[in-house]
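Listed below are the residues making up each chain.
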Amino acid sequence: MADTSAGDRLRGRVAVVAGATRGAGRGIAAALGEAGATVVCTGRSSRGGNIAIRSDYDRGETIEETAEMVSGLGGAGVAIQVDHLDPDQVRRLADRLRADHGHIDILVNDIWGAEQLKGPPPTWNTPIWEHDLDTGLRILRLAIDTHLITSHHLLPLLVDRPGGLLVEITDGTTSFNADNYRISVYYDLAKVAVNRLAFSQGHELAERGGTAIAVTPGWLRSEMMLDAFGVTESTWRNALDGSVDGHPQAPPGFAGSESPRYVGRSIAALAADPDRGRWNQGSVTAGELAREYGVTDLDGTRPDSWSDE
């Protein structure tokens, strides 16, 4: 369901969603499209792009699908295949953006790609001396280096005039992650670091009239999560009632989960707020933004699974 209240409030704005193939990135791109933005959707998974640029996931979602979704919701979607670990590819992306648009208004750093590397729950809490070092360092490269490389090359296009918005997507707020160990040393460090990136980049953006904020979704009904429980977005509640086709039953907390569009709608509302600078250097949940701006998820609810933490 499209957000009919979004209207054209971001018409004429250019957004880049880095990591828009699936999950939160796709939801954010779609919601920016609902609000009329031009959304450049980047990622490694492409329908007809360079096969040498491969995602760590063997999945069917593509950046082209996301761009088509953006256009179908009222925005203008553009798909550009990029490996955000490769500085040369990101530099070429910046060159293309400069040539095609001259400026960007919104940059969303949602690059991750380490969902499988973090391992299933039985492997969590593995101490650093037993954790595979190469896997751990790969997690950090995918979660942190990609964000640094992307900001380095794209922020010049955002700070050339006041009003730019940088959104860092992570898992857990600054306050929650400060007091809670997260899965492994590597995952823990990655998620803390991305929150800090919003703080430090916000310090640098402020003098240019820009805003940086870290946003964490709640329990996200990503494509991978839905597959794990054997359901779809339209049937996700069935996972609460029992095992679906041999898949595990979802725990009770899944009842408070949210679609990827929810965090997207929260960010779209933030981007449309002329007073968004008040959020600079902050760390918030999608639910907090939703309450502030009065937006809802696809089903009209306003979940916040972090509220019980």
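Residues numbered from 1 in each chain as written. Predicted model: local features only at pLDDT ≥ 70, side-chain atom pairs only at ≥ 80, totals over all residues. Heavy atoms only, no water.

Colleague: Teacher, can you tell me more about the overall build of the chain here?
Modeller: Along its length, the chain carries 10 helices and 7 strands. Its C-alpha atoms give the chain a radius of gyration of 18 Å, within 12% of the compact-globule value 19 Å for 309 residues. Judged by the C-alpha coordinates and their principal axes, the chain covers about 50 × 45 × 40 Å. Across the 309 residues of the chain, 55% fall into the buried class. Roughly 13200 Å² of accessible area belongs to the chain as shown, and the carbon and sulfur atoms make up 51% of that amount. Once the 29 positive and 43 negative side-chain charges of the chain are each reduced to a mean point, those two points are 5 Å apart. (Helix = DSSP H or I, 4+ residues; strand = E, 2+ residues; numbered from the N terminus. Rg over C-alpha atoms; globule rule 2.2 N^0.38 Å. Buried < 20%, exposed > 50% of the residue type's maximum accessible area, 1.4 Å probe, protein only. Areas by Shrake-Rupley, 256 points an atom, 1.4 Å probe, with all protein chains shown as cover. Lys, Arg positive; Asp, Glu negative; His and termini not counted. Charge placed at Lys NZ, Arg CZ, Asp CG, Glu CD.)

Colleague: Mind showing me how you'd approach the side chain of S45 here?
Modeller: Relative to the helices and strands, S45 resides in the loop between β2 (38-43) and α2 (63-72). A polar atom in the side chain of S45 sits 3.4 Å from the side chain of R22. Ignoring any residue separated from it by four or fewer positions in sequence, one finds S45 in contact with T21, R22, S55, E61, T62, I63 and E64. (Polar contact = N/O pair within 3.5 Å; in protein donor to acceptor, adjacent residues only side chain to side chain. Contact = heavy atoms within 4.5 Å.)

Colleague: Mind showing me how you'd approach unusual backbone geometry here?
Modeller: Look at N125: it is not a glycine, yet its phi comes out positive at around 70 degrees. Residue position: N125 is located in the loop between β4 (106-109) and α4 (133-158). Classification of N125 by relative accessible area gives exposed; the value is 54%. Unlike most non-glycine residues, Q281 shows phi in positive territory, near 70 degrees. Relative to the helices and strands, Q281 is located in the loop between α9 (260-272) and β7 (282-285).

Colleague: Help me understand the packing of helix α1 (residues 23-34) against α9, please; the structure alone is not making it clear to me.
Modeller: A pair of packed helices is captured by two measures, namely the crossing angle of their axes and the spacing between those axes. Direction vectors running N to C along α1 and α9 enclose 50 degrees, while the axes themselves pass 7 Å from each other. Between α1 and α9, the angle falls in the class oblique. For the pair α1 and α9, the sense of crossing is right-handed. Contact with α1, carried on its side by G23, A24, G27, I28, A30, A31, L32 and E34, involves P260, R261, V263, G264, R265, I267 and A268 of α9 and no other residues of that element. In terms of residue class, the contact of α1 with α9 is built from 9 nonpolar, 3 polar and 3 charged. (Axes fitted to C-alpha atoms, helices over the stretch in contact; angles between N-to-C directions. Parallel < 35°, antiparallel > 145°, perpendicular 65-115°, else oblique. Left-handed = near helix turned anticlockwise from the far one by under 90°. Nonpolar A, V, L, I, M, F, W, Y, C, P; charged D, E, K, R; others polar.)

Colleague: Please clarify how the pairing of strand β3 (residues 76-81) should be interpreted in this entry.
Modeller: Walk down a regular strand and you will see the side chains alternate between the two sheet faces. With 6 bridges joining them, β2 and β3 adopt parallel strand pairing. When the bridges of β3 are listed, T38 appears paired with A76. Each parallel crossover has a hand, and for β2 linked through α2 to β3 it is right-handed. (Pairing = 2+ DSSP bridges. Right-handed = clockwise from strand over helix to strand, strands pointing away.)

Colleague: Would you explain the environment of Y187 in this entry?
Modeller: Along the chain, Y187 falls in helix α6 (residues 185-206). What makes Y187 buried here is its relative accessible area of 3%. With 48 residues separating them along the chain, Y187 and I139 place their C-alpha atoms 7.0 Å apart. Look past the residues within four positions of Y187 in its chain and what remains in contact with it is W112, K118, D171 and R182.

Colleague: Help me understand the environment of E233, please; the structure alone is not making it clear to me.
Modeller: Along the polypeptide, E233 turns up in the loop between α7 (223-229) and α8 (238-241). For E233, a relative accessible area of 26% puts it in the partly exposed group. Taking the C-alpha atoms as reference points, E233 and G163, separated by 70 residues in sequence, lie 35 Å from one another. Filtering out sequence-adjacent residues up to four positions away, E233 remains in contact with R221, L226, S259 and L298.

Colleague: Is there a simple way to think about the sheet that holds strand β5 (residues 165-169) in this case?
Modeller: Working definition: the strands of a sheet are paired by backbone hydrogen bonds and lie parallel or antiparallel to each other. Across the sheet, which stays open at both edges, the 7 strands sit in the order β3-β2-β1-β4-β5-β6-β7 with parallel pairing between neighbours. Edge positions in the sheet fall to β3 and β7, since each of these pairs with one other strand and no more. For this sheet, the mean inter-axis angle between neighbouring strands, taken without regard to orientation, is 20 degrees. Packing against the sheet, helix α10 (residues 286-293) makes contact with β6 (211-216) and β7, and its axis sits at approximately 85 degrees to β7.

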